Amino acid sequence: MKKHIQNIAVMALAFYAVACAPPPKSEKDLSLKDAFAGKFYIGAALDSAQIVGEDTAAIRVVKEQFNAIVAENCMKSEKIQPQEGVFDFHLPDQFVDFGEQNGLFVTGHTLIWHSQAPAWFFVDSLGNDVSREVMIERMKTHIQTVVGRYKGRIKGWDVVNEAILDDGSYRQSKFFEIIGEDYIRLAFEFAHQADPDAELYYNDYSMANAGKREGVVAMVKKLQEQGVRIDGIGMQAHIGLGHPDIAEFEKSIEAFGALGVHVMITELDLTLLPFPDQNVGAEVSASFEYQQQMDPYKEGLPDEMNTKFENRYLDFFKLFLKHQDVISRVTQWGVNDTQSWRNYWPIDGRTDYPLLFDRENNPKPVVAKIIELTKE
């Protein structure tokens, strides 16, 4: 009798668990992060309004759709150390807290970059370039202070950003001029010392260019031969309707994957606007004057452009899925079209539509089509 009562109790508990369990997600409710689970992370870059919680609609999208985040601007050196020895961790702390509270893969962006670096970084009190020794010490202090603060919390770092030119040569940045190409090795070593468990990445734009591809491969091979830890290569995918050639983009995925590192699509957006000069890649210093003919979709996109937009995104996501064995993350450079830098670069004041979520934070029709691709 006692055993019979126990069986009834077990059955009742099982029935209760089933009855109270949340219903399975319908096909309609499936999110991007659900669809790509087990394939690669799907992420977004957050701006300051999102980090502090003001942009509540965008935050809802992040929580529902993405499982990885990166800071768009607040962790760049001019923001995080505007004066020597004076660090501003107000926004970065909130960014990391948000990631942890929501179980997101958090990437730090970026430790060493020639652009958006504070002017003091490279000069002495008289305005002259500092010595190699001083530059190395400043770089070490910056990296180890920032990485050390988030040890065990930030899972991956863009350690060096945009160090190779399109022809494969080293960019003649102040880091290069003062230290030499060794600054790249040193940056990775300093980051590894500060957090031995964090993943360390190299990140760059125009990575489908054959010259840059070969230059990055040569640089990474040299680092590997020197025993330097490098875990991944980020391919900024600031794409347009006609560039880059998707076959060349695939060659770069394959070449980087063959190095035994992760490949990440780090800054994905798709501009639909005419480009004044295709040769500038994603060089942030480029700027052109506003002209009305360069801003053709201020009142909205015609159906023909929407179709081209969808087809281009679908072609790239098919490619990402094809190479999911080496791709670890695909990150949109922003959450919604309003936020995107494409509205003000390389021409300020234009209206672009580069992301998967519109200005009202609604998913565009292509989102459902991308999700469908994951089932094939």
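Refer to the structure above for everything that follows.
As a starting point, this report considers the structure included with it. (Residues numbered from 1 in each chain as written. Predicted model: local features only at pLDDT ≥ 70, side-chain atom pairs only at ≥ 80, totals over all residues. Heavy atoms only, no water.)

1. Quick word on helix 7 (residues 132–149)
The line we're drawing: Secondary structure elements are defined from DSSP: runs of H or I of at least 4 residues count as helices, runs of E of at least 2 residues count as strands, and each element is numbered from the N terminus. The span you would expect from a helix comes to 1.5 Å times its residue count less one. Relative accessibility under 20% of the residue-type maximum defines a buried residue, over 50% an exposed one, and the middle range a partly exposed one, all with a 1.4 Å probe and only protein chains included. What the arc describes is the spread of directions from the helix axis to the C-beta atoms.
With 18 residues, helix 7 ought to run about 26 Å at 1.5 Å a step, and its terminal C-alpha atoms sit 26 Å apart, in line with that. Considered for burial, the residues of helix 7 that qualify are M135, I136, R138, M139, H142, I143, V146 and V147. Taken around the axis of helix 7, the buried residues stretch over an arc of 165°, which confines them to a single face.

2. Some thoughts on the packing of helix 10 (residues 210–225) against helix 11 (residues 246–257)
How two helices sit against one another is set out by the angle between their axes and by the gap between those axes. Spelled out, the test is: In this analysis an axis means a line fitted to C-alpha atoms, helices contributing only their contacting stretch, and an angle means the value between N-to-C directions, from 0 to 180 degrees. An angle below 35 degrees is read as roughly parallel, one above 145 as roughly antiparallel, one from 65 to 115 as roughly perpendicular, and any other as oblique. Whether two residues touch is decided by their heavy atoms; if any such pair falls within 4.5 Å, the residues are in contact. Throughout, the ten residues Ala, Val, Leu, Ile, Met, Phe, Trp, Tyr, Cys and Pro are labelled nonpolar, Asp, Glu, Lys and Arg are labelled charged, and all others, Gly among them, are labelled polar.
Put simply, helix 10 and helix 11 touch, their axes get as near as 10 Å, and they point 5° apart. Comparing their axes, helix 11 and helix 10 come out roughly parallel. Between helix 10 and helix 11, the residues in contact are R213, V216 and V217 and E248, K251, S252, A255 and F256, respectively. In terms of residue class, the contact of helix 10 with helix 11 is made up of 4 nonpolar, 1 polar and 3 charged.

3. Notes on the side chain of E162
Heads up, the rule is: Positive: Lys, Arg. Negative: Asp, Glu. His and the chain ends are not part of the count. Salt bridges, as used here, are contacts in which a Lys or Arg side-chain nitrogen is within 4 Å of a carboxyl oxygen on Asp or Glu. Within 3.5 Å is the distance limit for a polar contact, defined as a pair of N or O atoms, with the added protein rule that one can donate a hydrogen and the other accept it, and that residues adjacent in sequence qualify only through two side-chain atoms.
Structurally, E162 is set in the loop between strand 4 (156–161) and helix 8 (174–179). Of the buried charged residues, E162 lacks a salt bridge, with R171 as the closest side chain of opposite charge at 4.6 Å. There is a polar contact of 2.9 Å between the side chain of E162 and the side chain of W113.

4. Brief notes about the pairing of strand 8 (residues 262–271)
Operational definition: Following DSSP output, two strands are said to pair if at least two bridges run between them.
Burial runs high along strand 8: 9 of the 10 residues are buried. Two elements, strand 6 (residues 232–235) and strand 8, share 4 bridges in a ladder whose sense is parallel. Bridging across to strand 8, G232 finds its partner in H262. Note: strand 7 (residues 238–240) against strand 8, 3 bridges, orientation parallel. Opposite G240, over in strand 8, you have T271 as the bridge partner. Here strand 8 runs beside strand 9 (residues 327–332); their pairing, made up of 4 bridges, is parallel. Along strand 9, the bridge assignment pairs L268 with Q332.

5. Here's the deal with the packing of aromatic side chains
Any two aromatic rings considered together are summarised by their centre-to-centre distance and by the angle between their planes. Applicable threshold: Ring pairs are drawn from Phe, Tyr and Trp, using the six-membered ring of Trp, whenever the two centres fall within 6.5 Å, and their geometry is named by plane angle: stacked under 30 degrees, edge-to-face over 60, tilted for the rest. Over a ring means this: the NZ of a Lys or the CZ of an Arg is within 6 Å of the ring centre and within 35 degrees of the ring normal.
The final tally for this structure, using the stated rule, is 20 aromatic pairs. Seen from their ring centres, F121 and F175 are 5.8 Å apart, and the 85° between their planes marks the pair as edge-to-face. Linking F121 in the loop between strand 3 (105–113) and helix 7 with F175 in helix 8, this pair joins segments that are 54 residues apart in sequence. A network of ring pairs unites the aromatic residues F36, F40, F249, F309, Y313, F316, F317 and F320 as a single cluster. Looking at K212, its charged tip hangs above the ring of Y205, at a distance of 4.0 Å from the centre.

6. So, empty space enclosed by the protein
For clarity, the cut-off: Buriedness for pockets is judged along seven lines, at least five of which must meet protein on both sides within 12 Å for an open set on the 1 Å grid over protein atoms alone, while cavities are sets there where a 1.4 Å probe fits but cannot get out, and lining residues have an atom within 4 Å of a point. Grid points are joined across faces, edges and corners, and a volume is the space filled by probe spheres set on the points.
Here the structure, examined in full by the defined rule, presents 2 cavities of 30 Å³ or more. A volume near 80 Å³ is recorded for the largest cavity. Considering the residues around the largest cavity, the lining is formed by Y170, E181, D182, I184, R185, M219, K222, L223 and Q226. When residues of the lining of the largest cavity are traced back to their parent elements, those giving at least two are helix 9 (182–194) and helix 10. Counted as a void, the second largest cavity has a volume near 40 Å³. Forming the boundary of the second largest cavity are I112, W113, H114, V160, N161, E162, A163, R171, S173, F175 and Y183. Those elements that place two or more of their residues in the lining of the second largest cavity are strand 3 and strand 4. For the lining of the second largest cavity, the residue count by class is 6 nonpolar, 3 polar and 2 charged.

7. A word on unusual backbone geometry
Between H243 and the following residue, P244, the backbone shows a cis peptide bond with an omega angle of -5°. Secondary-structure assignment places P244 in the loop between strand 7 and helix 11. Going from W345 to P346, the amide bond is cis rather than trans, its omega being 0°. Even without a glycine there, the phi angle at S206 is positive, about 50°. If you trace the backbone, S206 turns up in the loop between strand 5 (199–204) and helix 10. Even without glycine at this site, N361 takes up a positive phi of about 65°. Locating N361 in the fold gives a position in the loop between strand 9 and helix 13 (365–373).

8. Some points on the pattern of salt bridges
When their charged atoms lie close together, side chains carrying opposite charge are able to pair. Applying the stated criterion across every chain yields a total of 24 salt bridges. Among the ionic pairs, D97 bridges to R153, the shortest N-O distance being 2.8 Å. Separated by 56 residues along the polypeptide, D97 in helix 6 (residues 90–101) and R153 in the loop between helix 7 and strand 4 bring together distant segments of the chain. Take D97: its relative accessible area is 30%, and that puts it in the partly exposed class. Accessibility expressed as a relative area gives 25% for R153, which makes it partly exposed. Across the salt bridge formed by K322 and E250, the nearest N and O atoms sit 2.7 Å from each other.

9. A word on the environment of H114
Here H114 is to be found in the loop between strand 3 and helix 7. According to the relative accessible area criterion, H114 is partly exposed, its value standing at 25%. Residues H114 and V160 lie 46 residues apart in sequence; the distance between their C-alpha atoms is 9.2 Å.

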